[in-house]
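# Structure at a glance
Listed here are the chains, written in short residue letters.
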Amino acid sequence: MPIDWLDKLRNYLQVLAFCLAISAVQYAFSTDKPYEIPLVYSLAIGSVIWAITDFGRGLFPSAAETGWPQGGAGLALTVGGIVGGYLAGTLAADAWFGWSSWEGAQLRSSVLITLMAGIAGSYYFYTVNKSAYLERKMGEARRHASEAQLKLLESQLEPHMLFNTLANLRVLIGADPPRAQQMLDHVVAYLRATLNASRAPTHSLQAEFDRLRDYLELMAIRMGPRLAYTLDLPPELAQQAVPTLLLQPLVENSIQHGLEPKVEGGRITVSARRDGDALVLQVADTGVGSPNAPAPGKGFGLTQVRERLLTLYGPAAAIDFAAEPGQGACATARLPIAA
């Protein structure tokens, strides 16, 4: 397995900080000696312990949750690192000062400090690795939950769109069979394109507007001159990636709750624009407005779009709804510009 040098450097810097803290504590209890002495011994011993344990653990099978050898191998590595670090580090520091520290009370004190510091340091890195593993697992669990939630929302969208389209066709069959036949031909082509497109999590904004145009053409067959629409997509945003069929429920809402209850019908305007780092998508109609429209946040369309945006983008996306009696309604979605 290749060595992660950045991880090794990160660990070593933490070890150095730990050694500096130990040398400062030692100096606080023996201010009659130069600070250089505990500093050099602490850095030498700590560096060797780190080298033995951090590089040595790569020689043994390690537990995924801790990155540390399991069972006796982990214990042997810890003991070997502390003992080897003390012996080699002390010899190196003695050579630096040109004396020997293998004597009496000083020896017992240094052994005790090394033992306590080695155990504390090993436990610290053990727990840090375990915490990092648990955080990764929690992140994976949240991601899988979000993916499952998104799949549920998408699975709700497809039958809802299909049933609405078939319901519109049923109305037309009884009122105008020739136009119903024409609409049926369009329905087959529309559903084939729409259901194929919905299998992907995202598509271009151009594809989103193309599907809306297909749907609005179908509705125009049934509603006739009572339905007019405008699709405003700037060329520079045509290839911007967006969730598939994001605006479909909002357009359906505008027709069902805004234009159909109005005798003379009205116009639906779907537009896209860029606002800084946000993509702003808007569905506005000149329908009846709030009296017969769902309250903000209610109904399938707004709820479904809001939950999809929350699942995909979190707080970075939002949708607002406003309506005026007799003046129409407007749903505005803001989502981050895809990189």
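The rules behind each value
Residues numbered from 1 in each chain as written. Predicted model: local features only at pLDDT ≥ 70, side-chain atom pairs only at ≥ 80, totals over all residues. Heavy atoms only, no water. Helix = DSSP H or I, 4+ residues; strand = E, 2+ residues; numbered from the N terminus. Buried < 20%, exposed > 50% of the residue type's maximum accessible area, 1.4 Å probe, protein only. Contact = heavy atoms within 4.5 Å. Areas by Shrake-Rupley, 256 points an atom, 1.4 Å probe, with all protein chains shown as cover. Pairing = 2+ DSSP bridges. Axes fitted to C-alpha atoms, helices over the stretch in contact; angles between N-to-C directions. pLDDT = per-residue confidence, 0-100. Salt bridge = Lys/Arg side-chain N within 4 Å of Asp/Glu carboxyl O. Parallel < 35°, antiparallel > 145°, perpendicular 65-115°, else oblique. Left-handed = near helix turned anticlockwise from the far one by under 90°. Nonpolar A, V, L, I, M, F, W, Y, C, P; charged D, E, K, R; others polar. Expected span 1.5 Å × (residues − 1). Phe/Tyr/Trp six-rings, centres within 6.5 Å; stacked < 30°, edge-to-face > 60°. Patch = residues over 30% accessible without salt bridge, like charges linked within 9 Å, V, L, I, M, F, W, Y side chains within 5 Å.

### Section: the overall build of the protein chain
Regarding its fold elements, the protein chain presents eight helices and seven strands. The buried share among the 339 residues of the protein chain stands at 40%. Expressed as a percentage of contacts within the protein chain between residues at least 6 apart in sequence, the contacts between residues at least 24 apart total 72%. Accessible surface computed for the protein chain: about 18,000 Å², of which carbon and sulfur atoms make up 63%.

### Focus: the sheet that holds strand S5 (residues 278-285)
In any sheet, the strands associate via hydrogen bonds between backbone groups, in a parallel or an antiparallel arrangement. Reading across the sheet, the five strands line up as S2-S4-S5-S7-S6 and stay open at both edges, with mixed pairing between neighbours. A single partner strand is all that each edge strand has here, and the edge strands are strand S2 (227-232) and strand S6 (318-324). Taking the axes of each pair of neighbouring strands and ignoring which way they run, one obtains an average angle of 10° across the sheet. Of the pairings in the sheet, the one linking S2 to strand S4 (residues 266-275) comprises six bridges and is parallel in character. For Asp232, the partnering residue across the bridge sits in S4 and is Ser271. The sheet contacts of helix H6 (residues 205-223) involve S2, S4 and S5, and relative to S2 the element is tilted by about 170°.

### What about the confidence of the model for the protein chain?
Per-residue pLDDT for the protein chain has a mean of 81; in total, 83% of the residues score no lower than 70. In the predicted structure, residues 291-298 sits below a pLDDT of 50 and forms 16 contacts with residues beyond four places in sequence or in another chain.

### Regarding the environment of Leu91
Counting through the fold element by element, Leu91 comes out in helix H3 (residues 71-97). With a relative accessible area of 51%, Leu91 lands in the exposed category. In this structure, the C-alpha to C-alpha distance between Leu91 and Trp102, residues eleven residues apart in sequence, is 9.4 Å.

### Side note on the pattern of salt bridges
Counted according to the given criterion, the structure contains seven salt bridges. Salt-bridge contacts for Asp54 lead to Arg57; the nearest nitrogen and oxygen are separated by 2.8 Å. We classify Asp54 as buried; its relative accessible area is 5%. A salt bridge links Asp210 to Arg213, with the nearest nitrogen and oxygen atoms 3.3 Å apart. Linking Asp210 with Arg213, this pair stays in helix H6, spanning three residues, or about one helical turn. By sharing partners, the salt bridges in this structure join Asp7, Lys8, Arg10, Asp54 and Arg57 into a single network.

### Describing the packing of helix H1 (residues 5-29) against helix H2 (residues 36-56)
Remark: H1 packs on H2, axes separated minimally by 9 Å, with the N-to-C direction vectors making an angle of 150°. As far as their axial angle goes, H2 and H1 are roughly antiparallel. Pair H1 / H2 crosses with right-handed handedness. Of H2, the residues touching H1 (which contributes Trp5, Lys8, Asn11, Tyr12, Val15, Leu16, Cys19, Leu20, Ile22, Ser23, Gln26 and Tyr27) are Pro38, Leu39, Ser42, Leu43, Gly46, Ser47, Trp50, Asp54 and Phe55. Of the residues belonging to the contact of H1 with H2, the class tally is 13 nonpolar, six polar and two charged.

### A look at H6
Taking 1.5 Å of rise per residue, the 19 residues of H6 would be expected to cover 27 Å, and the 26 Å separating its terminal C-alpha atoms lies within 8% of that figure. Where H6 ends, the next residue or the one after it, Gly224, has phi of about 65°, a positive value.

### Topic: the packing of aromatic side chains
The description of an aromatic ring pair rests on the distance of the ring centres and on the angle between the ring planes. For the structure shown, the criterion picks out seven aromatic pairs. Ring geometry for Tyr27 versus Tyr35: centroids 5.5 Å apart, planes at 75°, classification edge-to-face. For Tyr27, a relative accessible area of 30% translates into the label partly exposed. The class for Tyr35 is partly exposed, based on a relative accessible area of 31%. In this structure an aromatic cluster arises from ring pairing among Trp5, Tyr12, Trp50 and Phe55.

### A few points about a nonpolar patch on the surface
Together, Leu75, Val79, Val83, Leu87, Leu91 and Trp102 make up an exposed nonpolar region whose accessible area comes to about 550 Å². Looking at the element boundaries, Leu87 is found in helix H3. When its relative accessible area of 40% is taken as the criterion, Leu87 is described as partly exposed.

### Topic: unusual backbone geometry
A positive phi angle, close to 55°, is found at Leu245, a residue other than glycine. Mapped onto the elements, Leu245 comes out in the loop between strand S3 (241-243) and helix H7 (248-259). For Leu245, a relative accessible area of 2% puts it in the buried group.

### Section: the pairing of S5
Within S5, six of the eight residues are buried, which leaves the element mostly enclosed by the surrounding structure. In this structure, S4 lies alongside S5, joined through eight bridges in antiparallel fashion. Residue pairing in the sheet places Ala272 in a bridge with Leu281 of S5. Between the antiparallel neighbours S4 and S5 lie two residues, among them Gly276 with a positive phi of about 65°. Note: S5 against strand S7 (residues 328-336), eight bridges, orientation antiparallel. Bridging from a neighbouring strand, Gln282 pairs with Thr332 of S7.

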